[in-house]
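Descriptive analysis of the structure
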Amino acid sequence: MSDIGWVPKNMMILKMTPGEYAEIAKHLVQADSDEERAAFLFARQIDNQTLQVDRVRVPDRSAYEGASWEYLELRDGLLGELIREAHILGTALVEAHSHPFDGSEATQFSAIDIDGLEETAPHVVWRLPGRPFAAFVFGRKRFDSLYWNSRSSAPNGVVQIQIGSELLAPTGLSLGHAKGTHGSI
Ligand SMILES: [Zn+2]
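An account of the accompanying structure is given in this report. Fair warning: this is a prediction, and the values are worked out from it, not measured in the lab.

Taken in spatial order, the 8 strands make up an open sheet running β6-β5-β4-β2-β3-β1-β7-β8, and their pairing is mixed. The strands lining the two open edges of the sheet, one partner per strand, are β6 (143-148) and β8 (166-168). Looking at each pair of strands side by side, their axes are set apart by 30 degrees on average, direction ignored. The pairing of strand β4 (residues 92-98) with strand β5 (residues 133-138) spans 6 bridges and is parallel. Bridge pairing links S98 to F138 in β5. Across the sheet, helix α4 (residues 111-127) touches β4, β5 and β6, and the angle it forms with β5 is around 155 degrees.

Listed below in structure tokens is the structure:
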């Protein structure tokens, strides 16, 4: 176990380059569109609390032809392919999607997003043992995030983004909701 000291136990850091961040942001939140979009990141584990983006995969919209952008439909058939790719690369899988209609400071996952993630995350952790699964939702101003590192549906914490020396904090609003869902179990 490494001890980073200043990173709280329930927080991970995802490091990426300015170029990677720009690519993701430009794809997910487009100035002239309110359509939700998704991106997937393959990230190497630096230590227990730090991931480093290895490559960014921005899916072609045609890959989802006929699919709605709601969480569960988006995953249909695609998840297995992404897990296989992460397995071959030896990386963790990170998914990101956008709420371009959200211009608030209170960006968070929808109830549908959380239901989908609570089902998906334990599966991904099981298929990619020893690696966390992280998810991000980006609004126009802020983002929120969750990560799982066990095969429980309840997330373990949130993920900050580090770009060079700049640290971007999630709103953290979804964690309470997600945990609340399973608080009595
Ligand atoms: Zn969503």
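Grouped together as the largest cluster of nonpolar side chains are 41 residues, with contacts concentrated most on L14, L93, V94, A96, F133 and A134. In this structure V94 touches L14, F40, L41, A43 and A134, once residues within four positions along its chain are discounted.

Definitions and cut-offs
Residues numbered from 1 in each chain as written. Predicted model: local features only at pLDDT ≥ 70, side-chain atom pairs only at ≥ 80, totals over all residues. Pairing = 2+ DSSP bridges. Helix = DSSP H or I, 4+ residues; strand = E, 2+ residues; numbered from the N terminus. Axes fitted to C-alpha atoms, helices over the stretch in contact; angles between N-to-C directions. Contact = placed C-beta atoms within 7 Å. Core = buried A, V, L, I, M, F, W, Y, C linked by C-beta atoms within 7 Å. Buried ≥ 20, exposed ≤ 12 C-beta atoms within 10 Å, placed from the backbone.

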